[in-house]
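# Close look at the chain arrangement
Residue-level listing of the chains:
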Amino acid sequence: MENSYYRVMSLDYGDVRIGIALSDITRFIASGLENYTRVSLDKDCKHIAELVANNNVKVIVMGLPLNMDGTEGVRAELCREFAEELKAAGLEVIV
């Protein structure tokens, strides 16, 4: 039987920092965990993967910034690209 006590991580991906929040094990309340200052794509992915492993995270939810008219712009494209890198590292990511 699969452990139903897991956490969800959410990411707010920026040029300089990544805001990271973590749910409680009931997935009812989320709180800010840290503001990670980005280093490189490889190190950023490794840091997120370590947090996932150390906090019993099953899924990552990425914020997707939209333009004022609801369309996706450059920032959304960068978020999607980072999400694909995390997926390539074996993490489950929802954008």
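Residues numbered from 1 in each chain as written. Predicted model: local features only at pLDDT ≥ 70, side-chain atom pairs only at ≥ 80, totals over all residues. Heavy atoms only, no water.

It is worth spelling out the environment of Gly-19 at this point. Within the secondary structure, Gly-19 sits in strand β2 (residues 17-23). If we ignore the near neighbours within four places in the chain, the residues touching Gly-19 are Ser-10, Leu-11, Asp-12, Glu-34 and Asn-35. (Helix = DSSP H or I, 4+ residues; strand = E, 2+ residues; numbered from the N terminus. Contact = heavy atoms within 4.5 Å.)

Let us now look at the side chain of Asp-44. Counting through the fold element by element, Asp-44 comes out in helix α1 (residues 41-54). Judged by relative accessible area, which is 0%, Asp-44 ranks as buried. Reaching out from Asp-44, the side chain makes a polar contact with the side chain of Tyr-36 at a distance of 3.0 Å. Every residue in contact with Asp-44, bar those within four places of it in the chain, is listed here: Ile-18, Tyr-36, Arg-38, Val-39 and Phe-82. (Buried < 20%, exposed > 50% of the residue type's maximum accessible area, 1.4 Å probe, protein only. Polar contact = N/O pair within 3.5 Å; in protein donor to acceptor, adjacent residues only side chain to side chain.)

Enumeration according to the criterion identifies one aromatic pair in this entry. Summarising the aromatic geometry, the rings of Tyr-13 and Phe-82 are spaced 4.4 Å apart at their centres and angled 15° between planes, so their arrangement reads as stacked. Of the two residues, Tyr-13 sits in strand β1 (residues 7-13) while Phe-82 sits in helix α2 (residues 74-88), which places them 69 residues apart along the sequence. Since its relative accessible area comes to 2%, Phe-82 is described here as buried. The cationic tip of Arg-27 hangs over the ring face of Tyr-6; the distance from NZ or CZ to the ring centre is 4.0 Å. (Phe/Tyr/Trp six-rings, centres within 6.5 Å; stacked < 30°, edge-to-face > 60°. Lys NZ or Arg CZ within 6 Å of the ring centre and 35° of its normal.)

A few words now on the sheet that holds β2. Strand order in the open sheet made by the five strands is β3-β2-β1-β4-β5, with mixed pairing throughout. One side of each edge strand has no neighbouring strand; the edge strands of this open sheet are β3 (30-37) and β5 (93-94). Note that β1 and strand β4 (residues 57-62) share five bridges and pair parallel. Bridged to Ser-10 within β4 is Val-61. Running over the sheet, α1 touches β1, β2, β3 and β4 and is turned about 150° from β3. (Pairing = 2+ DSSP bridges. Axes fitted to C-alpha atoms, helices over the stretch in contact; angles between N-to-C directions.)

Across the interface, α1 lies against α2 with an axial gap of 10 Å and an inter-helix angle of 65°. For the pair α1 and α2, the sense of crossing is right-handed. The segment α1 lies against α2, with Leu-41, Asp-44, Cys-45 and Ile-48 engaging Phe-82, Glu-85 and Leu-86. (Left-handed = near helix turned anticlockwise from the far one by under 90°.)

A separate point is the environment of Val-74. As for its position among the elements, Val-74 is in helix α2. Owing to a relative accessible area of 61%, Val-74 belongs among the exposed residues under this scheme. Taking C-alpha positions, Val-74 is 19 Å from Ser-40, a pair spaced 34 residues apart along the chain.

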